[in-house]
Each structure stands twice: as structure tokens, then as C-alpha cells.
Amino acid sequence: MVLGFNEISGYLDGKYDLETAKDMLKMNTRRFAKRQLTWFNSDPRIEWIDLSKINQTRAVSQMVKGVG
């Protein structure tokens, strides 16, 4: 899947205007991100790190060590 290819292709083929292509790209990107999030949330190997509660150095250290 290449994000944006279909939207830009449709614009270049004259199927819709540039604003419509941009709106479609935004919507399809959000949908793709949602599918990724659903996929990752169902994988028990994924351990989420809340970056709002720790600094960047500690977060990187946790990722390298594999500790959440």
C-alpha cells in the first residue's frame, strides 16, 4: 500500500479536484493509522511507553532494554 498514490492519480486523471484529493488523502491516512493501531493493540508482544510521563532519555533506555 502506498499512501496517496490513488488520490493523486485520481486528481491527475481529472476525476476530482486537488482539494478533494487532499481530503481523501487525509481520510485514508487516518483510516490506515487506525488499522495499524488496531493491529498493534492485538499483539501481546507490543509494550506501550507513555512518553508524556517520562523523559526522552529514559524512554530510549527502556526501549533498548525491552522494559516498559
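Just above sits the structure.
Residues numbered from 1 in each chain as written. Predicted model: local features only at pLDDT ≥ 70, side-chain atom pairs only at ≥ 80, totals over all residues. Heavy atoms only, no water.

Colleague: Can you walk me through the overall build of the protein in this structure?
Modeller: Along the backbone of the protein there are 3 helices and 0 strands. Mapped in sequence order, the helices and strands of the protein form the string α-α-α. Against the compact-globule benchmark of 11 Å for 68 residues, the protein has a radius of gyration of 18 Å, which places it well outside the compact range. Along the longest, intermediate and shortest principal axes, the C-alpha atoms of the protein span 50 × 25 × 15 Å. Each of the 68 residues in the protein was classed as buried or not, and the buried ones make up 12%. Within the protein, contacts between residues separated by at least 24 positions form 13% of all contacts whose residues are at least 6 apart in sequence. Carbon and sulfur atoms provide 59% of the accessible area of the protein, an area that totals close to 6,000 Å². Computed over 11 positive and 8 negative side-chain charges, the inter-centroid distance for the protein is 7 Å. (Helix = DSSP H or I, 4+ residues; strand = E, 2+ residues; numbered from the N terminus. Rg over C-alpha atoms; globule rule 2.2 N^0.38 Å. Buried < 20%, exposed > 50% of the residue type's maximum accessible area, 1.4 Å probe, protein only. Contact = heavy atoms within 4.5 Å. Areas by Shrake-Rupley, 256 points an atom, 1.4 Å probe, with all protein chains shown as cover. Lys, Arg positive; Asp, Glu negative; His and termini not counted. Charge placed at Lys NZ, Arg CZ, Asp CG, Glu CD.)

Colleague: What exactly am I supposed to notice about the side chain of glutamate 7 here?
Modeller: With respect to the secondary-structure elements, glutamate 7 resides in helix 1 (residues 5–12). Although glutamate 7 lies buried, it forms no salt bridge, and the closest oppositely charged side chain, arginine 31, sits 8.5 Å away as judged by the N-O distance. Here asparagine 28 takes part through its side chain, which lies 2.6 Å from a polar atom of the side chain of glutamate 7. What glutamate 7 contacts, discounting residues up to four positions off in sequence, is Tyr16, Ala21, Met24, Leu25 and Asn28. (Salt bridge = Lys/Arg side-chain N within 4 Å of Asp/Glu carboxyl O. Polar contact = N/O pair within 3.5 Å; in protein donor to acceptor, adjacent residues only side chain to side chain.)

Colleague: What is the right way to look at the pattern of salt bridges in this model?
Modeller: Pairs can form between side chains of opposite charge whenever their charged atoms are close. Scanning the entire structure with this criterion turns up 3 salt bridges. Close ionic contact of lysine 22 with glutamate 19 constitutes a salt bridge, the shortest N to O distance being 3.4 Å. Residue lysine 22 and its partner glutamate 19 are located together in helix 2 (residues 18–41), separated by 3 residues, close to a single helical turn. On the basis of relative accessibility, which here comes to 39%, the residue lysine 22 falls in the partly exposed class. Between aspartate 50 and lysine 53 there is a salt bridge, and its shortest N-O distance comes to 3.8 Å. Among the residues examined, aspartate 50 registers a relative accessible area of 39% and is labelled partly exposed.

No statement about biological role is implied by the geometric values presented.
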